[in-house]
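Next come the chains, spelled out residue by residue.
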Amino acid sequence: MSPAEKYLDLIKNLPSNVKLIAVSKTKTEKEILEVYHAGQRLFGENKIQELVPKYEKLPRDIEWHLIGHLQTNKVKYIAPFVGMIHSADSLKLLKTINKEAKKNNRTIKCLLQFHIAEEETKFGLSREEAEDILNSEEFKKLENIEICGVMGMATFTEDMEQVRREFRLLKTVFDWLKKDYFAGSPQFNEISMGMSDDYRVAIEEGSTMIRVGSAIFGSRNY
Ligand SMILES: *Cc1c(COP(=O)(O)O)cnc(C)c1O
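Each value, and the rule that gives it
- Residues numbered from 1 in each chain as written.
- Predicted model: local features only at pLDDT ≥ 70, side-chain atom pairs only at ≥ 80, totals over all residues.
- Heavy atoms only, no water.
- Helix = DSSP H or I, 4+ residues; strand = E, 2+ residues; numbered from the N terminus.
- Buried < 20%, exposed > 50% of the residue type's maximum accessible area, 1.4 Å probe, protein only.
- Contact = heavy atoms within 4.5 Å.
- Axes fitted to C-alpha atoms, helices over the stretch in contact; angles between N-to-C directions.
- Parallel < 35°, antiparallel > 145°, perpendicular 65-115°, else oblique.
- Left-handed = near helix turned anticlockwise from the far one by under 90°.
- Nonpolar A, V, L, I, M, F, W, Y, C, P; charged D, E, K, R; others polar.

Enquirer: For this particular structure, what's the right way to read the environment of Lys 102?
Expert: With respect to the helices and strands, the residue Lys 102 is situated in helix α5 (residues 91-103). Classification of Lys 102 as exposed rests on a relative accessible area of 54%. The sequence separation of Lys 102 and Arg 60 amounts to 42 residues, and the corresponding C-alpha distance is 21 Å.

Written out as structure tokens, the structure is:
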């Protein structure tokens, strides 16, 4: 099946409250356009140096989501246009995003990335780190970012019960933050979890945004 056919097949069975971020990293403009013409508008990239040229060349009604680790010195390159940053994982980064958003007269939507995997390698906040950020006076002053929810990546394993436990943990974190910090914030509504191999489990556990690459575009050649 072509990417467009795989895409159409995937969205056919997607619950209406779940958004699909088509992860187009390493894929060409031609491949992205094929999925765009099939109707997709939300695309995800994990590297600034790949995202910026794609933004410049592809249709302007694409909403670009940054899903990978973001260094503070690169925020300025995407601040004028990025639709959402899924990987906010420090106060320093949030402050930089706020500053660059302000320069561009806009508000940037962010998700707080949490460390939910049992393995050590993934980025993300602990619950304690998130509390420290959310309780800080510095955070409360940030007016050009909008925290829209949480993001997490499960362990890279075939053990779907472990993956399910990790997604369930992220849902618990979301519910806790919603209750204790974002009760009056209707925009705090997103749980970004689930990739090609585990998005079905993620949806069962409450995902509202799945980030799917290879199941649409095929495997990546680095
Ligand atoms: C690459 C990537 C994905 C998509 O991975 P697939 O397994 O190809 O669906 C999702 N989230 C992040 C953060 C990624 O880097």
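Enquirer: When you look at the side chain of Ser 24 in this model, what are you seeing that I'm missing?
Expert: On the secondary structure map, Ser 24 appears in the loop between β1 (19-23) and α2 (29-37). Among residues more than four places away in sequence, those in contact with Ser 24 are Ile 32, Phe 43, Gly 44, Glu 45, Glu 50, Lys 54, Trp 64 and Phe 217.

Enquirer: So what exactly am I meant to see when it comes to the packing of helix α6 (residues 127-135) against helix α8 (residues 160-180) here?
Expert: The angle between the axes and the distance between the axes are what describe a pair of packed helices. Two elements in contact, α6 and α8, have axes separated by 12 Å at closest approach and are oriented at 25 degrees. With respect to α8, the element α6 is oriented roughly parallel. Judged by the twist between their axes, the crossing of α6 over α8 is right-handed. Across the interface between the two elements, Arg 127, Glu 131 and Leu 134 of α6 pack against Leu 169, Val 173, Trp 176 and Leu 177 of α8. In terms of residue class, the contact of α6 with α8 is made up of five nonpolar, no polar and two charged.

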